[in-house]
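Here is how the chains run, residue by residue.
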Amino acid sequence: MSAIQSDKTQITKAEILNHCRQQIIERIEVAETAIQSARDGMLNDTKSSAGDKHETSRAMSQIAIEQNQNQLQKLLDLRNEIDQINIQTKSPITGKGSLIQTNQGIYFLGPGIGKIQIQGIELFAISLQSPLGNCLHLKKEGDSFQFQNRSFNITKID
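Numbering of residues begins from 1 in every chain and follows the order in which that chain's sequence is written. Totals for whole chains, interfaces and linings use all residues, but because this is a predicted model, local features are given only for residues with pLDDT of at least 70 and pairs of side-chain atoms are given and counted only at 80 or more. Hydrogens and water molecules were not included; the side-chain quantities draw on all heavy atoms of the structure.

Draft legend 1. Broad picture of the sheet that holds strand β5 (residues 114–118). Two strands pair if DSSP finds at least two bridges between them. Put simply, DSSP H or I for four residues or longer makes a helix, DSSP E for two residues or longer makes a strand, and each gets a number counted from the N terminus. Reading across from one edge, β5-β6-β4-β3-β8-β7 is the order of the six strands in this open sheet, with mixed pairing throughout. Either end of the sheet is taken by a strand with one partner, and the two such strands are β5 and β7 (144–147). Neighbour to neighbour, the strand axes of the sheet diverge by 40 degrees on average, direction disregarded. Here five bridges tie β5 to strand β6 (residues 121–126), and the two strands are oriented antiparallel to one another. Bridge pairing in β6 places K115 opposite F124. Angles here are taken between N-to-C directions and fall from 0 to 180 degrees, while the axes themselves are lines fitted to C-alpha atoms, restricted in helices to the stretch in contact.

And the structure:
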């Protein structure tokens, strides 16, 4: 079982991935609610408004719908990315699905969720496309690198 341990608490890659998946699902629900709310607002505005005010309100509602649909699509893509991560694979080289412990913190290469906390352990879920994710990619235990004037030493990879 792949895990990172901090003091007496241990966290697995499966727990991290499930946490990330749950955060994405919650964000998807928020985006879907915002889209529906904007549609409802546009429909109600159609029934009660007239003239320029009506057109401006409809245009603003349409912009809100489009922005939320774009956000929703990004979230759906992120959820698909999460579903494709294979956490069963163990490799000495970092890649998608790697859990990496460094002297600067703990990082999970996968969805770009950002800082998360699970069981009192703080870590960062970052994508391979992020600047730090790119630096962590294809590294092994014992490797060191510089990022934003900070020295990183990789102490463990799961």
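Draft legend 2. Spatial organisation of the nonpolar core. Counting residues in each nonpolar core, the largest one holds 26 residues, and the members touching the most others are I16, C20, I24, F108, I113, I116 and L123. Broken down by secondary-structure element, the contributors of at least two residues to this core are α1 (13–48), α2 (51–83), β4 (105–109), β5 and β6. Sorting elements by how many residues they give to this core places α1 first, with nine residues. In what follows, residue pairs with any heavy atoms lying within 4.5 Å of each other are defined as contacts. If sequence neighbours within four positions are ignored, I16 has contacts with I11, L99, F108, I116, I118 and L123. If you look at the next biggest cluster of nonpolar residues, it comprises 12 residues, including L109, L132, F147 and I157. Working definition of a nonpolar core: buried Ala, Val, Leu, Ile, Met, Phe, Trp, Tyr and Cys residues. They are joined through side-chain atoms within 4.5 Å. Only protein chains enter the accessibility calculation, which uses a 1.4 Å probe. A residue is then buried if its area is under 20% of the maximum for its type, exposed if over 50%, and partly exposed in between.

Draft legend 3. Region of the structure containing the pairing of β7. Burial along β7 is one-sided: F145 and F147 are buried, while S144 and Q146, pointing the other way, are not. With four bridges joining them, β7 and strand β8 (residues 150–157) adopt antiparallel strand pairing. Counted as the bridge partner of F145 is F152 from β8.

Draft legend 4. Geometry of the environment of Q22. With respect to the helices, strands and loops of the structure, Q22 is situated in helix α1. Considered as a pair, Q22 and R79 are 57 residues apart in the sequence and their alpha carbons are 9.4 Å apart.

By themselves these figures say nothing about function.
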